[in-house]
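Here's the letter readout for the chains.
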Amino acid sequence: MAEPRRPDPVLLIVAAFSRHDAALAWGGERLAEIYNSVAFTSPPFEFRQTSYYEPTMGPGLRKRFFVFEKLVEADCMADVKRRTNALEQELMVAGLFPEPRPLNLDPGILSLGKFQLATTKDQAHRIYLRDGIFAEVTLRFEAREFVPWPWTYADYREPDVRTFLKRCRDFYRQRLRAGQ
């Protein structure tokens, strides 16, 4: 019988999207205060795969990924998702933007074999963590590439996003070798 062991720490990545550069910047600054320094960010990606968010967030959304320097425990996703939901609420209540939801923050964790996202929505392929938070394996690493599943969100299927996450995986591997 195999003995249970703690998994390696993982790389925290938070996807932020908004139509407002100021909201994206605010999100990055607040996240950096909570999770320490941001190692690097992605270029902005146009978020055009669905109009689902337009009623509450408006048109012309852009997505940016914030990648954090310090590795985190693999069981952190429920806590991080609850914290990012609170940040979204904080900005919404501030009333600085005309939309009811000016910022969306989607936390994920990356390990050598996969990229996972946290969500509050249950589906057949999602595993309940706790406190109303579920996790899904959004991409798997196979044959030196991130590969989508049938349920993978359309924006995570984009080659540019998967290439960026592969860069994140290289960074993560270096951090693991360095002992964080």
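The preceding data block contains the structure.
None of these values were measured; they are calculated from a predicted model.

Draft legend 1. Seen up close, the overall build of the chain. From N to C terminus, the chain includes five helices and nine strands. Listing every helix and strand of the chain by position from the N terminus yields β-α-β-β-α-β-α-β-β-β-β-β-α-α. For 180 residues, the compact-globule estimate of 2.2 N^0.38 gives 16 Å, and the chain sits close to it at 16 Å. Once the C-alpha set of the chain is aligned to its principal axes, its extents read approximately 55 × 35 × 30 Å. By the burial criterion, 44% of the 180 residues in the chain qualify as buried. Within the chain, residue pairs in contact and separated by at least 24 positions form 68% of the contacts whose partners lie at least 6 positions apart. Element-wise, carbon and sulfur atoms account for 51% of the exposed surface of the chain, whose accessible area totals about 9600 Å².

Draft legend 2. How the structure looks around the environment of Phe65. Mapped onto the fold, Phe65 is located in strand β4 (residues 62–68). In sequence terms Phe65 and Pro107 are 42 residues apart; their C-alpha atoms lie 9.4 Å from each other. Once you skip the residues sitting within four places of it in the chain, Phe65 turns out to touch Ile13, Val14, Ala15, Phe40, Thr41, Ser42, Phe45, Tyr156, Val161 and Phe164.

Draft legend 3. Geometry of the side chain of Thr152. Along the chain, the position of Thr152 falls in the loop between β9 (145–148) and α4 (154–157). Overall, the relative accessible area of 5% leaves Thr152 in the buried class. Of the polar contacts made by the side chain of Thr152, one reaches the backbone nitrogen of Trp149; its length is 2.7 Å. Residues contacting Thr152, with those up to four places away along its chain left out, are Thr138, Leu139 and Arg157.

Calculation notes
Residues numbered from 1 in each chain as written. Predicted model: local features only at pLDDT ≥ 70, side-chain atom pairs only at ≥ 80, totals over all residues. Heavy atoms only, no water. Helix = DSSP H or I, 4+ residues; strand = E, 2+ residues; numbered from the N terminus. Rg over C-alpha atoms; globule rule 2.2 N^0.38 Å. Buried < 20%, exposed > 50% of the residue type's maximum accessible area, 1.4 Å probe, protein only. Contact = heavy atoms within 4.5 Å. Areas by Shrake-Rupley, 256 points an atom, 1.4 Å probe, with all protein chains shown as cover. Polar contact = N/O pair within 3.5 Å; in protein donor to acceptor, adjacent residues only side chain to side chain.

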